[in-house]
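# Examination of the molecular architecture
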Amino acid sequence: MSTAPAAGKHELPRVHYLNIDYGIRSWLFTTDHKRIALLYLASISFFFVLGGLFATIIRLELLTPAGDLMESETYNKLFTMHGIAMIFFFLIPSVPAVLGNFLVPMMIGARDLAFPRINLLSWYIYTLGGLFTLFAMASGGVDTGWTFYTPYSSTYSNTHVMATALGVFILGFSSILTGFNFIITIHKMRAPGLTWFRLPLFIWAHYATSVIMILGTPVVAIAIALVGIERLFHVGIFDPALGGDPVLFQHLFWFYSHPAVYIMILPSMGVISEIVCCFSRKKIFGYPFVAFSSVAIALLGFLVWGHHMFVSSQSMYAGMVFSILSFLVAIPSAVKVFNWTATMYKGSVMYNAPMLYAMGFIGLFTMGGLTGLFLSTLATDVHLHDTYFVVAHFHYIMVGGAIMGYLGGIHFWWPKISGRLYPEGWARFSALVIFIGFNLTFFPQFVLGYLGMPRRYHAYPPEFQVLNVMSTAGASILAVGYAIPLVYLIWSLRYGLAAGPNPWGAKGLEWQTTSPPPTFNFPETPVVDEEAYEYYPMKEAEVV
Amino acid sequence: MSEHSIALAHQFDDLEQQKEAAILGMWVFLVTEVMFFGGMFTGYTIYRFKYHEAFMAGSDHLDLLLGATNTVVLALSSLTMAMAVRSAQLGKRRALMSYLSLTLLLGSAFLVIKGVEYSHKFHQHLVPGPHFAFEGHDPQHAQLFFSFYFAMTGFHALHMIVGIGLLAVILWMSYKGRFNAEYHNPVEVSGLYWHFVDIVWIFLFPLLYLVGHHR
């Protein structure tokens with residue numbers, strides 16, 4: 001069964017944040033968090049398509065064992081630019097900068113974030129960083145891998161490392177400013193009665209994410225700045241030929257970039273908590289556990305970076321400690337999965353599109369998490385390190401997890417953002433296509449990696465071809481799955497039915513105002529007098 | 001809603017909430033700064049541990065007198081900044097402006113002295129790169145010391161320049177009479193920033209100049 005939001009009964013409000021002002025200036029100089037969220041939505045969608053194009057070419061090259069489509073140098077550039085576009089310019093800002101920007105003030109009953117101009121500044125910084133990176137890509141690309149490992153990046157690579165590194169360095173500050181804004185807003189601007197333990201779990205997840213953003217990002221900024229200094233002035237900081245230590249770079253890089261994985265997944269987990277409760281018509285199972293598991297993931301996430309360096313001359317004892325700590329992260333992650341499942345148990349589950357994405361998330365994230373245990377085990381990691389097993393593992397987390405959560409969230413709050421309903425049938429269809437395409441793309445890569453196919457090569461022995469063809473076929477299905485929402489969401493902006501304030505019958509302050517909301521969100525500041533997710537099982541009469 | 005002061009931004013309910021947000025905001029920003037400098041401190045510490053002798057020899061080539069003078073100059077500027085914040089809290093505009101000017105002056109003096117030090121290093125061929133020349137038994141790692149010396153003091157000087165720009169704006173705003181005893185958030189948060197930049201130097205000075213100094 002599913003809810004069919006009452007059609008035709010609603011009309012859009014006369015004045016809302018979208019139509020209050022027109023013209024390019026009203027967008028480029030806006031301080032409205034909702035409009036900034038849409039600026040981000042447009043920018044990150046651009047980078048998603050760009051990163052997707054790079055991935056398409058990579059998968060085409062891997063269709064045949066021989067390197068027939070391009071030279072290995074070109075291939076190096078393609079996977080580097082795929083990684084940079086997807087990780088830095090799509091995944092890290094995805095949920096926080098779009099849904100977080102839109103929803104954090106609304107969920108806590110505020111008129112805006114604490115620092116609206118800094119919020120706009122963060123988008124400009126993102127754009128500036130993006131332009132540097134696009135310039136680097138257009139003028140020949142960069143081939144260091146998204147990890148910028150030294151001394152290759154600082155001394156030997158002849159590609160546009162400086163422009164890209166500068167782009168990523170600048171971009172980091174947009175992420176810092178977003179996290180900074182969320183922390184202050186969540187601390188200081190909650191509506192009366194909205195205590196910490198009444199907050200939606202989306203807010204807890206974003207709070208934990210923000211902590212990672214402000215603690216981790218500066219470290220990668222300085223690491224990249226030092227690479228730039230080494231490259232520009234030929235001084236030795238990480239280059240062993242000049243007295244430096246390349247492993248120090250890896251430490252500084254992964255100190256951010258491992259927690260960055262949690263920047264990508266935690267906000268999506270917040271989205272899943274909202275969706276699962278709404279479409280199960282049940283209160284979340286074990287609220288404090290889900291809330292604190294976000295915090296635990298954020299904190300433990302800072303203590304595991306060494307598991308990226310098991311085979312790069314790190315001491316064995318450090319490796320053992322990092323291995324154990326990495327296992328520990330599995331606990332709060334599993335707490336979330338079990339609690340979502342327990343929430344669905346005996347709930348009135350409705351299979352609307354957001355719920356399909358959420359269920360996809362739970363399954364795929366679990367797969368990604370469990371295969372992560374193989375990689376945090378010292379002995380098995382030696383075998384699996386730098387193989388397609390790793391590629392498959394982190395794509396299950398980042399694409400199967402983070403992007404499924406992002407798309408689920410976009411669908412769930414689309415009526416709030418646009419004021420209109422998306423076509424439910426198409427949305428369910430696309431969720432299914434994405435799920436199938438995703439698994440066909442990445443499951444064979446687990447097997448490939450286990451059999452020993454290394455990552456980052458454009459040619460491979462013929463016996464790996466069947467699995468690679470499956471993967472490429474899956475990628476084409478996945479691409480169709482991503483294209484469908486792009487089309488119908490844009491279609492719905494004009495032709496979708498008016499959604500009304502609360503098409504899902506959802507709890508949460510953001511549903512108490514009109515869709516789309518007015519510029520200052522609420523006619524008057526709401527007062528909260530109940531806990532989050534006070535759903536009750538739906539009576540038959542309410543279900544259409 | 002009608003009683004709101006013009007200093008109150010639309011997203012806040014009252015000046016108190018706005019002030020709390022501003023101050024918490026600066027503290028959170030300073031946490032990011034700690035992490036930013038922390039990356040360099042970590043690198044410095046590790047290399048100093050690995051190449052102890054070379055770092056001692058490098059440290060010997062720093063000018064202790066200029067470094068110590070700068071420490072005093074910065075500590076004084078922190079004092080004048082604190083006085084400026086206090087004047088703002090009491091709503092004394094003239095005192096606020098003169099203390100801000102003093103702080104600006106001391107901050108600029110720090111940069112001038114730093115510039116003199118840098119030019120000495122340049123003439124002594126102690127700037128890392130192709131022209132680096134160091135008479136000691138491990139010039140390669142002494143160069144590493146100077147790489148960190150310039151990176152750390154350079155980023156610190158950059159923060160000083162930003163701070164001076166910030167104070168100039170604050171000075172202009174107080175000249176325009178934007179602050180009073182109720183509303184002076186920009187003065188307070190700039191003060192926090194200024195003290196932070198001072199504290200970074202308080203760590204840099206002993207780490208770079210004093211540790212292992214023989215003369």
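Residues numbered from 1 in each chain as written. Chains lettered and ligands numbered in written order. Predicted model: local features only at pLDDT ≥ 70, side-chain atom pairs only at ≥ 80, totals over all residues.

Another aspect to go through is the overall build of chain A. A tally of regular secondary structure across chain A gives 15 helices and zero strands. Compactness check: chain A gives a C-alpha radius of gyration of 23 Å against a globular reference of 24 Å for 544 residues, within 12% of the reference. If one aligns the C-alpha atoms of chain A with their principal axes, the spans along those axes are about 70 × 45 × 45 Å. Taken over 544 residues, chain A has a buried fraction of 57%. Sequence separation of 24 or more characterises 85% of the internal contacts of chain A that already satisfy a separation of 6 or more. (Helix = DSSP H or I, 4+ residues; strand = E, 2+ residues; numbered from the N terminus. Rg over C-alpha atoms; globule rule 2.2 N^0.38 Å. Buried ≥ 20, exposed ≤ 12 C-beta atoms within 10 Å, placed from the backbone. Contact = placed C-beta atoms within 7 Å.)

Turning our attention to the interface of chain A and chain B. Opposite the 31 residues of chain A that make contact, chain B presents 27 residues. Of all the secondary structure elements, the ones that give two or more residues to the side of chain A that touches chain B are α6 (161-188), α7 (201-233) and α8 (246-280) of chain A. Ranked by residues supplied to the side of chain A that touches chain B, first place goes to α7 of chain A with 10 residues. Taken together, the residues of the side of chain A that touches chain B sort by class into 23 nonpolar, five polar and three charged. (Nonpolar A, V, L, I, M, F, W, Y, C, P; charged D, E, K, R; others polar.)

Further remarks concern the packing of helix α4 (residues 116-138) of chain A against α6 of chain A. All names here are of chain A. Taken N-terminus to C-terminus, the directions of α4 and α6 make an angle of 160 degrees; their axes are 8 Å apart at the nearest point. As summarised for this structure, α4 and α6 are arranged roughly antiparallel, according to the angle between their axes. The way α4 lies across α6 gives a crossing that is left-handed. Partitioning the contact of α4 with α6 into residue classes produces 15 nonpolar, 10 polar and no charged. (Axes fitted to C-alpha atoms, helices over the stretch in contact; angles between N-to-C directions. Parallel < 35°, antiparallel > 145°, perpendicular 65-115°, else oblique. Left-handed = near helix turned anticlockwise from the far one by under 90°.)

The subject of this paragraph is the environment of Ala163 of chain A. Residue and element names in this part refer to chain A. Residue placement: Ala163 occurs in helix α6. The class for Ala163 is buried, based on 20 C-beta atoms found within 10 Å. Taking C-alpha positions, Ala163 is 19 Å from Phe54, a pair spaced 109 residues apart along the chain.

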